[in-house]
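Per-entry structural report
Given next are the chains, with one letter for each unit.
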Amino acid sequence: WSDWVYSGDLKMAPAKPPLPVITGPSSSTNRRPTFTGKGNEGAKVNVVWETDFTVVIATATVKNGLWAAPLNTSIPDLIPGIYQCSAQQIVNGLASSFTRGFRVNIKPPQIAITAPASPVTPRQALEITGVYTGLPEPTFEMYSDNGFRLHGSFGGTGATRTFTPDLPWALGNTVMLIQ
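Residues numbered from 1 in each chain as written. Predicted model: local features only at pLDDT ≥ 70, side-chain atom pairs only at ≥ 80, totals over all residues. Heavy atoms only, no water.

Here we take up the environment of Met176. Among the secondary structure elements, Met176 is positioned in strand β16 (residues 175–178). Leaving out residues up to four positions away in the same chain, Met176 has contacts with Glu141, Met142, Tyr143, Ser144, Asp145 and Gly147. (Helix = DSSP H or I, 4+ residues; strand = E, 2+ residues; numbered from the N terminus. Contact = heavy atoms within 4.5 Å.)

Encoded structure:
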């Protein structure tokens, strides 16, 4: 056998920090949500869209094991829809991998139907308030309390709209509306 040969000190790449945890929001009507989660004390957490890991949409520092990252001011208000985001934490200059996708559902505001004065006329229009006013323009569907779609016309613009039925209201009818 030959004599032993030594390699010298081997430098090992430092281990990546653990993944942060995203806990919220899963659903919100706030078009500028604050993302929340857990991570390593003092770590910087970056939240990104899962479709583009290079655009940081929110950032925070972990304090007492928790973080809260409001949507960056450079990001426009979110329109209602479902978004997939991911996060990574940076601990002592080392970046973790990105988390698996976290789904955020931005909902339009809660709408309301103003109760009409009683008795109603056969084809009395209903007033709808709290309508989403952003783009894209919202669409509506009106249903009876037993689940049948009611046909009619929606009118108006902005946060207040109306619905006029094509046929007279049924006696004792209760309606439901979605946008």
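If a residue is not glycine, its phi is most likely negative; likewise, a peptide bond is most likely trans. Across the junction of Ser118 and Pro119, the peptide omega takes the value -5 degrees, indicating a cis bond. Its place among the elements puts Pro119 in the loop between β10 (112–114) and β11 (126–129). Despite not being glycine, Asn92 has its phi angle at roughly 50 degrees, a positive value. Within the fold, Asn92 resides in the loop between β7 (81–91) and β8 (94–95).

In this section: the sheet that holds strand β1 (residues 21–24). In spatial order, the strands read β1-β3-β6; together these three strands make up an open sheet with antiparallel pairing. The open sheet has two edge strands with one neighbour each: β1 and β6 (66–70). The mean inter-strand angle of the sheet, taken between neighbouring strand axes irrespective of direction, is 35 degrees. The pairing of strand β3 (residues 34–38) with β6 spans five bridges and is classified as antiparallel. Pairing of Gly37 across the sheet is with Trp67, part of β6. (Pairing = 2+ DSSP bridges. Axes fitted to C-alpha atoms, helices over the stretch in contact; angles between N-to-C directions.)

By the definition in use, this model includes five aromatic pairs. Members of the aromatic cluster, each reached through a chain of ring pairs, are Phe140, Phe154, Phe163 and Trp169. (Phe/Tyr/Trp six-rings, centres within 6.5 Å; stacked < 30°, edge-to-face > 60°.)

Okay, the sheet that holds strand β14 (residues 152–155) next. Pairing is antiparallel across the open sheet formed by four strands, whose spatial order is β10-β11-β15-β14. Both edges of this open sheet fall to β10 and β14, since each of them pairs with a single strand only. Strand after strand, the sheet turns through a mean of 30 degrees between neighbouring axes, direction not considered. Note: β14 against strand β15 (residues 161–165), four bridges, orientation antiparallel. In the strand pairing of β15, Gly152 is matched with Pro165.

Side chains that differ in charge, positive against negative, can pair when their charged atoms come close. A complete count under the given rule lists two salt bridges for this structure. For Arg32, the salt bridge goes to Asp77, with nearest N and O atoms at 3.0 Å. With Arg32 in the loop between β2 (27–28) and β3 and Asp77 in the loop between β6 and β7, the pair connects residues that are 45 residues apart, well separated along the chain. Between Arg161 and Glu137 there is a salt bridge whose closest N-O contact spans 2.7 Å. Of the two residues, Arg161 sits in strand β15 while Glu137 sits in the loop between β11 and β12 (141–144), which places them 24 residues apart along the sequence. A relative accessible area of 7% means that Arg161 is categorised as buried. By relative accessible area, which is 46% here, Glu137 ends up partly exposed. (Salt bridge = Lys/Arg side-chain N within 4 Å of Asp/Glu carboxyl O. Buried < 20%, exposed > 50% of the residue type's maximum accessible area, 1.4 Å probe, protein only.)

Looking now at the nonpolar core. Core analysis: the largest hydrophobic core is formed by 22 residues, its most contacted members being Phe35, Val47, Ile57, Trp67, Leu78 and Cys85. Taken together, the elements giving at least two residues each to this core come down to β4 (44–49), β5 (52–61), β6, β7 and β9 (102–106). Looking at which element gives the most residues to this core, the answer is β7, with four residues. Leaving out residues up to four positions away in the same chain, Phe35 has contacts with Gly24, Pro25, Val47, Ile57, Ala58, Trp67, Ala68, Ala69, Leu71, Cys85 and Val104. Core analysis: the second largest hydrophobic core is formed by 10 residues, Leu126, Phe163, Trp169 and Val175 among them. (Core = buried A, V, L, I, M, F, W, Y, C linked by side-chain atoms within 4.5 Å.)

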